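Close look at the chain arrangement
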Amino acid sequence: VNLNVPFDSNSSALTAQASAQLAQLEIALNSATLGKDRFMVAGHTDAKGSAPYNKQLSLRRAEAVKGYLVSKGINAGRLDAVGYGSEHPLAPDRPEDASNRRVEIRDLGEARP
């Protein structure tokens, strides 16, 4: 699963575009192929703002995505939310670009019983 969920500046609220993407992700996470896997929900920010603030904002973004998926029936134990702040920009040559404000979903492989 390679999915980047976008966010507005200084916000952890899910946009309509993000909700549409997450609805598709929910279907994928319940599929036979991915139904037993764990996932990292990794929040990111652009470089605007202080490092401590961006860490918190990125975690809130990851938690918002995790909360959405849990509200749709995905087991919370399959989802690990982390916040990276602005440490891993999608566009390193443009640290303040909107593309850096995102949550990435990474498959961690099958969960241990």
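Residues numbered from 1 in each chain as written. Predicted model: local features only at pLDDT ≥ 70, side-chain atom pairs only at ≥ 80, totals over all residues. Heavy atoms only, no water.

Right, let's talk about the pairing of strand 4 (residues 102-110) for a bit. Judged from the 4 bridges that link them, strand 1 (residues 3-6) and strand 4 form a sheet pairing that is antiparallel. Paired with Asn4 across the strands is Glu104, a residue of strand 4. Bridge count for strand 2 (residues 37-44) against strand 4 is 8 bridges, and the pairing is antiparallel. If you follow Val41 over to strand 4, its bridge partner there is Ile105. (Pairing = 2+ DSSP bridges. Helix = DSSP H or I, 4+ residues; strand = E, 2+ residues; numbered from the N terminus.)

It is worth spelling out the confidence of the model for the chain at this point. Residues of the chain with pLDDT of at least 70 account for 97%, and the chain-wide mean is 93. Taken element by element, the chain is modelled with least confidence in strand 1, mean pLDDT 86, and with most confidence in strand 3 (residues 79-83), mean pLDDT 98. (pLDDT = per-residue confidence, 0-100.)

Right, let's get into unusual backbone geometry. Positive phi values are uncommon outside glycine, yet Asn10 reaches one of about 60°. Residue position: Asn10 is located in the loop between strand 1 and helix 1 (16-29). Overall, Asn10 belongs to the exposed group, its relative accessible area being 52%. (Buried < 20%, exposed > 50% of the residue type's maximum accessible area, 1.4 Å probe, protein only.)

This part covers the pattern of salt bridges. The tally for this structure, following the rule as stated, stands at 7 salt bridges. The residue Arg38 makes a salt bridge to Asp80 at a minimum N-O spacing of 2.2 Å. Within this pair, whereas Arg38 is found in strand 2, its partner Asp80 is found in strand 3, the two being separated by 42 residues in sequence. Looking at Arg38, the relative accessible area reads 28%, which means it is partly exposed. Residue class for Asp80 comes out partly exposed when judged on its relative accessible area of 29%. In this structure, a network of salt bridges that share partners links the residues Asp93, Arg94 and Asp97. (Salt bridge = Lys/Arg side-chain N within 4 Å of Asp/Glu carboxyl O.)

Moving on: the sheet that holds strand 4. Here we have 4 strands laid out as an open sheet, ordered 1-4-2-3, and mixed in their pairing. Pairing within the sheet leaves two strands with one partner each, and these edge strands are strand 1 and strand 3. The average undirected angle you get between the axes of adjacent strands in this sheet is 25°. Contacts between helix 1 and the sheet are confined to strand 1, strand 2, strand 3 and strand 4, with strand 1 contributing the most and set at about 150° to the helix. Along the sheet, helix 2 (residues 51-71) contacts strand 1, strand 2, strand 3 and strand 4; its crossing angle with strand 3, the most-contacted strand, is approximately 160°. (Axes fitted to C-alpha atoms, helices over the stretch in contact; angles between N-to-C directions. Contact = heavy atoms within 4.5 Å.)

Bringing the environment of Lys66 into the picture now. Summarising the element assignment, Lys66 is placed in helix 2. Once the C-alpha coordinates of Lys66 and Leu22 are considered, the two residues, 44 residues apart in sequence, prove to be 9.8 Å apart. Each residue touching Lys66, except ones within four places of it in the same chain, is listed here: Val41, Ala76, Leu79 and Ala81. From its side chain, Lys66 meets the backbone oxygen of Leu79 in a polar contact 3.1 Å long. (Polar contact = N/O pair within 3.5 Å; in protein donor to acceptor, adjacent residues only side chain to side chain.)

On to the nonpolar core. Generally speaking, a soluble globular protein has its nonpolar side chains buried in company with each other. Core analysis: the largest hydrophobic core is formed by 19 residues, its most contacted members being Val5, Val65, Leu69 and Ile105. Listing elements by their share of this core, those giving two or more residues are strand 1, helix 1, strand 2, helix 2, strand 3 and strand 4. Aside from chain neighbours lying at most four places away, what touches Val5 is Ala18, Gln21, Leu22, Val65, Arg101, Arg102 and Val103. (Core = buried A, V, L, I, M, F, W, Y, C linked by side-chain atoms within 4.5 Å.)

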